[in-house]
Amino acid sequence: MRDVRRPTQQDPPENPADAPNDDDRVSEERSTAVVTGGAGGMGLAVARLLAERHRVVLADLDSEALQGAALRLDSREVETALCDVADETSVERLASLASRRGPIAAVIHTAGISPQMGDPERIVRVNALGTVHIAIAFRNLLGAGSCLLNVASSAGHLPAAFPVPRHAYRVAETQPDRLVNAIMSRASLAPVRQRAGLAYALSKHFVIWYSRHLTGPLGAVGARVLSVSPGSFDTNMGRIEDQHGAGELARRSALGRYGAIDEIATVLAFAASPSSGYLTGTDILVDGGASAVMTWRDALALAR
Ligand SMILES: NC(=O)c1ccc[n+]([C@@H]2O[C@H](COP(=O)([O-])OP(=O)(O)OC[C@H]3O[C@@H](n4cnc5c(N)ncnc54)[C@H](O)[C@@H]3O)[C@@H](O)[C@H]2O)c1
């Protein structure tokens, strides 16, 4: 396992001339933050915050949007990587590229698609298997003080009694097609127009379960793992889903509105930072209080 130095508060140098200037700090060992879905709303917003402390690797499937995102990031230390998280080899290439840039402090995995963006199988392959690919490719690169942060969804907060295919969850790393088939088979029990939504909810339930499942092995090397579950946020995805539940979920949340991108980016950046060094093995629900004021049936029907 690679040892990632934990950032520490250092005493100020006695001679101010010894204090590092900006250029020194950049050329010193700066750890890397990898952001998947880096061209998307949440990905780019959190990358902007992370770029203040880290070299950033922005990964996304959309090459044009990726180039645009890198320009908007306006940082000297940003690198782009074309990557389809549903493709294991593509993710391995991303990990290899990122590891050549020095120690990895954080992997923020935001890449995902919503019910209006794909059929149930693609949704499961991107959201659920994508998360497995990221964990497998990066876990040996994560060391003490580092963090793997997976973006799930409030839709993944299924009630405990909901029949999820846990047997397939447990073998997701070795039998990925079994996971895909098991989730699709559960989703096919719903009426046709609700299948993509149920596949999405199950894929995100898996992300929450799997992140928790990784807690022990990563903790053994001092690394943390979390999932973050957004409610309705004002991104491209949020807008696409507006008329398909996300808008209603936002209106019926306790705060009665969409979350702003900065309101999720700051949570992601904080959760991945050493400031939250004892936070691991849990999900952070950021839904404007929607699940607190709605029944789970309402939330499941509306959440994205
Ligand atoms: N916006 C919301 O309201 C909301 C709510 C709950 C959960 N989420 C989750 O938050 C995450 C980020 O969503 P967002 O709102 O920023 O959406 P977005 O559509 O703005 O960004 C998603 C990014 O992921 C990329 N992507 C999609 N498939 C990919 C793949 N196979 N490989 C690599 N990159 C891929 C897209 O190109 C896009 O740049 C997603 O996982 C989503 O499911 C969003």
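Quantities reported herein were computed from a predicted structural model and do not represent experimental measurements.

Undergrad: I'd like to hear about the environment of Ala269, residue by residue, with values.
TA: Inspection of the secondary structure puts Ala269 in helix H12 (residues 261-272). Among the residues examined, Ala269 registers 23 C-beta atoms within 10 Å and is labelled buried. Leave out the neighbours within four places in its chain, and Ala269 touches Val46, Leu49 and Leu50.

Undergrad: Describe the site of the ligand, and please don't skip the residues or the numbers.
TA: Around the ligand there are 33 residues in total, and Gly37, Gly40, Gly112, Thr235 and Met237 lie nearest to it. When contributions to the shell around the ligand are tallied by element, the ones reaching two or more residues are helix H2 (41-50), helix H5 (120-138) and helix H10 (236-240). Across the shell around the ligand, the residue classes tally to 15 nonpolar, 14 polar and 4 charged.

Undergrad: Let's hear about the packing of helix H7 (residues 176-187) against helix H8 (residues 195-213): which residues, and what values?
TA: Remark: H7 packs on H8, axes separated minimally by 8 Å, with the N-to-C direction vectors making an angle of 135 degrees. Here H7 lies oblique to H8, going by the angle between them. The interaxial crossing formed by H7 with H8 has right-handed handedness. Judged by residue contacts, Ile183, Met184, Arg186 and Ala187 of H7 engage Arg195, Leu198, Ala199, Leu202 and Ser203 from H8. Considered class by class, the residues forming the contact of H7 with H8 number 6 nonpolar, 1 polar and 2 charged.

Undergrad: Give me the lowdown on the nonpolar core, citing residues and values where you can.
TA: Counting 91 residues, the largest nonpolar core has Val35, Val46, Leu58, Phe138, Leu148, Leu149 and Leu268 as the members making the most contacts within it. For Val35, the contacting residues outside a window of four places in its chain are Gly43, Val46, Ala47, Leu50, Val56, Leu58, Ala59, Ile108 and Thr110.

Undergrad: So what about the pairing of strand E2 (residues 55-60)? Which residues, and what values?
TA: Counting buried positions along E2 yields 6 of 6 residues, so the element is predominantly enclosed. Here E2 shows a buried face lined by Arg55, Val57 and Ala59 and a second buried face lined by Val56, Leu58 and Asp60. Across 5 bridges, the pairing between strand E1 (residues 32-36) and E2 is parallel. Each bridged residue has a counterpart across the sheet, and for Ala33 the counterpart in E2 is Val56.

Undergrad: Mind laying out the sheet that holds strand E7 (residues 282-286), listing which residues take part and the relevant values?
TA: If you trace the 7 strands from one edge of the open sheet to the other, you get E3-E2-E1-E4-E5-E6-E7, paired in parallel fashion. Since the sheet does not close on itself, it has two edges, and those belong to strand E3 (78-82) and E7, each with one partner. Each neighbouring strand pair of the sheet contributes to a mean axis angle of 20 degrees, computed without reference to strand direction. The pairing of strand E4 (residues 104-109) with strand E5 (residues 147-151) spans 4 bridges and is classified as parallel. If you follow His109 over to E5, its bridge partner there is Asn150. Lying on the sheet, helix H4 (residues 88-99) is in contact with E1, E2, E3 and E4; it crosses E2 at an angle near 165 degrees. Contacts between H8 and the sheet are confined to E5, strand E6 (224-230) and E7, with E6 contributing the most and set at about 160 degrees to the helix.

Undergrad: Run through H8, naming residues and quoting values.
TA: With 19 residues, H8 extends 26 Å from end C-alpha to end C-alpha; this agrees with the ideal 27 Å at 1.5 Å per step. Of all 19 residues in H8, 15 are buried; the element is thus mostly enclosed.

Undergrad: Which residues make up the confidence of the model for the protein chain, and what values do they have?
TA: On average, the protein chain scores 90 in pLDDT, and the residues at 70 or more come to 88%. In this model, residues 1-28 is a region of pLDDT below 50 whose contacts with residues beyond four sequence positions or in other chains number 27 contacts.

Undergrad: Give a description of helix H3 (residues 63-73) that names residues and reports values.
TA: Looking at H3, one finds that the buried residues are Leu66, Ala69 and Ala70. Along the long axis of H3, the arc covered by the buried residues comes to 100 degrees, so they all point the same way. Projecting away from the buried face of H3 at angles above 90 degrees are the exposed residues Glu64 and Leu71. Against the buried residues of H3 lie H2, E2 and E3.

Undergrad: Help me get a handle on the environment of Leu50, residues and values and all.
TA: With respect to the helices and strands, Leu50 occurs in helix H2. Given 26 C-beta atoms within 10 Å, Leu50 falls into the buried group. Counting along the chain gives 219 residues from Leu50 to Ala269, while the straight-line C-alpha distance between them is 6.6 Å. Beyond its immediate stretch of four places on either side in the chain, Leu50 contacts Ala33, Val35, Val56, Ala106 and Ala269.

Undergrad: Go over the packing of H4 against H5, please, and point to the residues and values.
TA: The interhelical angle for the contact between H4 and H5, taken along N-to-C directions, is 40 degrees, at an axis separation of 9 Å. Here H5 runs oblique to H4, going by the angle between their axes. Crossing of H4 over H5 shows right-handed handedness. Contact residues: H4 offers Glu88, Val91, Glu92, Leu94 and Ala95, while H5 offers His133, Ile134, Ala137 and Phe138.

Parameters at a glance
Residues numbered from 1 in each chain as written. Predicted model: local features only at pLDDT ≥ 70, side-chain atom pairs only at ≥ 80, totals over all residues. Helix = DSSP H or I, 4+ residues; strand = E, 2+ residues; numbered from the N terminus. Buried ≥ 20, exposed ≤ 12 C-beta atoms within 10 Å, placed from the backbone. Contact = placed C-beta atoms within 7 Å. Near = placed C-beta within 6 Å. Nonpolar A, V, L, I, M, F, W, Y, C, P; charged D, E, K, R; others polar. Axes fitted to C-alpha atoms, helices over the stretch in contact; angles between N-to-C directions. Parallel < 35°, antiparallel > 145°, perpendicular 65-115°, else oblique. Left-handed = near helix turned anticlockwise from the far one by under 90°. Core = buried A, V, L, I, M, F, W, Y, C linked by C-beta atoms within 7 Å. Pairing = 2+ DSSP bridges. Expected span 1.5 Å × (residues − 1). pLDDT = per-residue confidence, 0-100. Arc of directions from axis to C-beta.

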